[in-house]
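Fold and geometry: a report
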Amino acid sequence: MTASISAQQIQDMAKLSRLAVDDTRAAEFAQGISKILGMMDILASVDTEGVAPLTNVHDMTQPLRTDVANADIDRERNQSIAPAVVDGLYVVPQVIE
């Protein structure tokens, strides 16, 4: 099933999108999109049975550390250099009114 798109279809979409596209550009867009659709048809025809999904192109994993509380963090020292602290919480500027 080879999908293609015509210059007229590009013009119709441009009109619906309120875009100005001349006939030459519409033909170029139609040709380019038709090539992309053709490549998608080729990809869809590839047999991928038994192929595991690729999670990382480098076949590596991110090493994760254990999630444990760190007792050497000095909260008071860290908050002493903060611009504003109220009741042990950092105060930040309001972003949304």
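In case you missed it, the structure is sitting above this.
Below is a short write-up of the structure.

Analysis parameters
Residues numbered from 1 in each chain as written. Predicted model: local features only at pLDDT ≥ 70, side-chain atom pairs only at ≥ 80, totals over all residues. Heavy atoms only, no water. Helix = DSSP H or I, 4+ residues; strand = E, 2+ residues; numbered from the N terminus. Rg over C-alpha atoms; globule rule 2.2 N^0.38 Å. Buried < 20%, exposed > 50% of the residue type's maximum accessible area, 1.4 Å probe, protein only. Contact = heavy atoms within 4.5 Å. Areas by Shrake-Rupley, 256 points an atom, 1.4 Å probe, with all protein chains shown as cover. Core = buried A, V, L, I, M, F, W, Y, C linked by side-chain atoms within 4.5 Å. Axes fitted to C-alpha atoms, helices over the stretch in contact; angles between N-to-C directions. Parallel < 35°, antiparallel > 145°, perpendicular 65-115°, else oblique. Left-handed = near helix turned anticlockwise from the far one by under 90°. Nonpolar A, V, L, I, M, F, W, Y, C, P; charged D, E, K, R; others polar.

Digging into the overall build of the chain
Secondary structure assignment for the chain yields 3 helices and 2 strands. Counting from the amino terminus, helix and strand elements in the chain follow one another as α-α-α-β-β. Over its C-alpha trace the chain gives a radius of gyration of 28 Å, far above what one expects of a compact globule, namely 13 Å for 97 residues. Principal axes of the C-alpha set define a box for the chain whose edges measure 70 × 45 × 15 Å. Counting all 97 residues of the chain, 10% fall into the buried class. Intrachain contacts of the chain at a sequence separation of at least 6 include 32% that bridge at least 24 residues. Working note: accessible area of the chain is about 9,400 Å², and carbon and sulfur atoms make up 58% of it.

Some thoughts on the nonpolar core
One finds Ile5, Ile10, Ala14, Val21, Ala26 and Ala30 forming the largest nonpolar core, which totals 6 residues. When neighbours within four sequence positions are excluded, Ala30 is seen to be in contact with Ile5, Ser6, Ala7 and Ile10.

Looking at the packing of helix H1 (residues 7-16) against helix H2 (residues 23-44)
Orientation of H1 relative to H2, taken along the N-to-C sense of each, is 110 degrees, at an axis distance of 8 Å. Considering their axes alone, H1 and H2 lie roughly perpendicular with respect to each other. Between H1 and H2 lies a crossing of right-handed hand. Listed contacts from H2 to Ala7, Ile10 and Gln11 of H1 are Asp23, Ala26, Ala27, Phe29, Ala30 and Ile33. Along the lines of polarity and charge, the residues of the contact of H1 with H2 split into 7 nonpolar, 1 polar and 1 charged.

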